[in-house]
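Next come the chains, spelled out residue by residue.
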Amino acid sequence: LMKRVIGNQALVGALVSLLGPNVVFVKNRHNHATINNRQGEPAEGMHRDILQPSRGLMTAAVYLQDSTVENGATRVVPGSHNLPYVGVPQANGGGTWMSEHEEYAGLENQAVPVPMREGDVLLFNGILFHGVGHNPSGQTRTSMTLGFRSVDELDAKPDEARQILVSGQ
């Protein structure tokens, strides 16, 4: 399924329009399937997929079931991709969580849900603060998250173990 999705021409076309003609799927960063059935648990905290804009990442959230406010739709903080660098990674792998940075206290209150239909794809900048919403419905919400970036023209020898070319060269 993942191979079919990363090669989907509609998705690749959208990525090319945002990233340019040469695009890779990043194999070692933020790629997973999620089943959201967090009934009784609070919404996930807000986070970024990368720390800073110098190494851009486009996140593609692919919805395998309808995503509604009632079943924990992805929440985003509009415009937060324009906020400055959020600090260095922590020893335990942190550094991208909004709650780890007091300068962003209160911004989670600005998060809005983004309902999506089964088969839809939400593309967003990897430094946009986002998170899974609360799911009190008792139903699952399944999605797949994938990371893409522009080809690094400064890399004379690309690491093919860590990326798959999906467009260009």
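It should be emphasised that the depicted structure is a prediction, and the values quoted were computed from it without experimental measurement. (Residues numbered from 1 in each chain as written. Predicted model: local features only at pLDDT ≥ 70, side-chain atom pairs only at ≥ 80, totals over all residues. Heavy atoms only, no water.)

A. Spotlight on the side chain of N135. Structurally, N135 can be placed in the loop between β7 (130-131) and β8 (141-150). One polar contact links N135 to S137, side chain to side chain, over a distance of 2.6 Å. Looking at N135, its side chain comes within polar contact range of the main-chain oxygen of Q139, at 2.7 Å. (Helix = DSSP H or I, 4+ residues; strand = E, 2+ residues; numbered from the N terminus. Polar contact = N/O pair within 3.5 Å; in protein donor to acceptor, adjacent residues only side chain to side chain.)

B. Spotlight on the nonpolar core. Ranked by size, the top nonpolar core spans 14 residues in total, and within it L146, F148 and V166 carry the most contacts. Once you skip the residues sitting within four places of it in the chain, V166 turns out to touch I6, V12, V23, V24, F25 and F148. Ranked by size, the runner-up nonpolar core spans eight residues in total, among them A61, V114, L122 and F124. (Core = buried A, V, L, I, M, F, W, Y, C linked by side-chain atoms within 4.5 Å. Buried < 20%, exposed > 50% of the residue type's maximum accessible area, 1.4 Å probe, protein only. Contact = heavy atoms within 4.5 Å.)

C. Fine view of the sheet that holds β7. One open sheet accounts for three strands, arranged β5-β4-β7; its pairing is antiparallel. Of all strands in the sheet, those with a lone pairing partner are β5 (112-113) and β7, marking the two edges. Note: strand β4 (residues 75-76) against β7, two bridges, orientation antiparallel. Residue pairing for β7: V76 is matched across the bridge by H130. (Pairing = 2+ DSSP bridges.)

On their own, these measurements won't tell you what the molecule is for.
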